[in-house]
Amino acid sequence: MFEIKSLTRERASDLVEVKSDISDDRWTESHFTADLPGKWQLSLLASSGDGALAGYVVASIADPRRAHLHRIVVASEHRGKGLGKQLLDRLKEEARKHGLRQLSLKVAADNNSAIKFYEREGMALDGGSSSENGSRYEWMTAGLGSGRVVACHQPNFLPWAG
């Protein structure tokens with residue numbers, strides 16, 4: 001089983017040791033330690049039973065209603081065990097706790113396995129795309145909902161109106 005907890009600034013530089021599958025990965029230690037709005041409240045670190053780093057999520061608050069997933073990585077030896085889903089579910093939970101109602105991310109357009117994973121987890125391609133450093137990316141979003149009824153409107157229920 002995995003232990004998932006908030007990522008702290010002190011542990012951020014440790015994330016460099018978990019390798020991603022991105023062939024032209026440009027993330028350096030400075031990317032992991034950079035301050036972004038809400039980063040230290042939303043980003044997560046997963047450890048395996050022996051305490052080894054198993055995966056992580058780096059996310060931030062993009063605007064008052066939206067969290068943005070910058071990066072999710074699961075160490076190769078822990079793939080296929082549900083950790084990616086656990087990390088994404090926990091990120092959604094943390095985002096809702098901060099009053100955020102949407103999650104966004106960008107994914108390499110040719111990374112079909114990642115796109116399928118995100119779609120299984122409720123994300124949808126939103127029609128947006130961008131190009132950076134010769135690679136094309138697709139934007140995906142998901143509504144987070146509040147998990148509770150905020151208001152109920154019953155237009156035909158006015159007993160005092162006669």
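Please refer to the structure placed before this passage.
The text that follows walks through the structure, step by step, so that each part is easy to find. (Residues numbered from 1 in each chain as written. Predicted model: local features only at pLDDT ≥ 70, side-chain atom pairs only at ≥ 80, totals over all residues. Heavy atoms only, no water.)

1. Topic: the nonpolar core
In a soluble, globular protein the nonpolar side chains are often hidden away together inside. Note the following rule: Joining through side-chain atoms within 4.5 Å is the link that ties buried Ala, Val, Leu, Ile, Met, Phe, Trp, Tyr and Cys residues into a set, and such a set is a nonpolar core. We call a residue buried when its accessible area falls under 20% of the maximum for its residue type, exposed when it is over 50%, and partly exposed in between, using a 1.4 Å probe and counting protein chains only. In this description a helix means any DSSP run of H or I spanning at least four residues, a strand means any run of E spanning at least two, and both kinds are numbered starting from the N terminus. What makes two residues a contact is simply this: any of their non-hydrogen atoms within 4.5 Å.
Ranked by internal contacts, the top residues of the largest apolar core, which has 29 residues, are V57, L69, L83, L87, L91, L103 and Y118. Broken down by secondary-structure element, the contributors of at least two residues to this core are β2 (44–47), β3 (53–63), β4 (66–74), α4 (83–97), β5 (102–108), α5 (112–120) and β7 (135–143). When residues in this core are grouped by element, the largest group, 5 residues, is from α4. Filtering out sequence-adjacent residues up to four positions away, L69 remains in contact with V57, V58, A59, L88, L91, L103, S104, L105 and Y118. Residues A12, L15, V18 and Y56 belong to the second largest nonpolar core, which totals 12 residues.

2. Considering the sheet that holds β5
We count it as follows: By this definition, two strands are paired if DSSP reports at least two bridges between them. Here an axis means a line fitted to C-alpha atoms, over the contact stretch when the element is a helix, while the angle between two N-to-C directions is reported on a 0 to 180 degree scale.
The 7 strands lie next to each other as β1-β2-β3-β4-β5-β7-β6, forming an open sheet whose pairing is mixed. Strand pairing shows two members of the sheet lacking a second neighbour, β1 (3–6) and β6 (124–132), which therefore form its edges. Neighbour-to-neighbour, the strand axes of this sheet turn through a mean angle of 25°, independent of strand direction. Those strands touched by α4 are β1, β2, β3, β4 and β5, and its axis lies near 160° from that of β4. Its contacts with the sheet put α5 on β4, β5, β6 and β7, and the angle it makes with β5 is roughly 165°.

3. So, the side chain of K92
Definition in use: Only four residue types enter the tally: Lys and Arg on the positive side, Asp and Glu on the negative side, with His and both chain ends excluded. Criterion for a salt bridge: a side-chain nitrogen of Lys or Arg within 4 Å of a carboxyl oxygen of Asp or Glu.
Its place among the elements puts K92 in helix α4. Despite being buried, K92 has no salt bridge partner; D89 is the closest side chain of opposite charge, sitting 4.7 Å away. Not counting the four nearest positions on each side in its chain, K92 is found in contact with L103, E121 and L144.

4. Considerations on α5
Here is the rule we go by: Of all possible arcs, the one meant is that of the directions from the helix axis to the C-beta atoms.
Three or more residues of α5 are buried, namely A114, I115, F117 and Y118. One side of α5 holds all its buried residues, which, seen down the axis, span an arc of 160°. Turned more than 90 degrees from where α5 packs its buried face, S113, K116 and R120 sit exposed. Looking at the buried positions of α5, the neighbouring elements they touch are β4, α4, β5 and β7. Where α5 terminates, the next one or two residues include G122, which has phi positive at roughly 95°.

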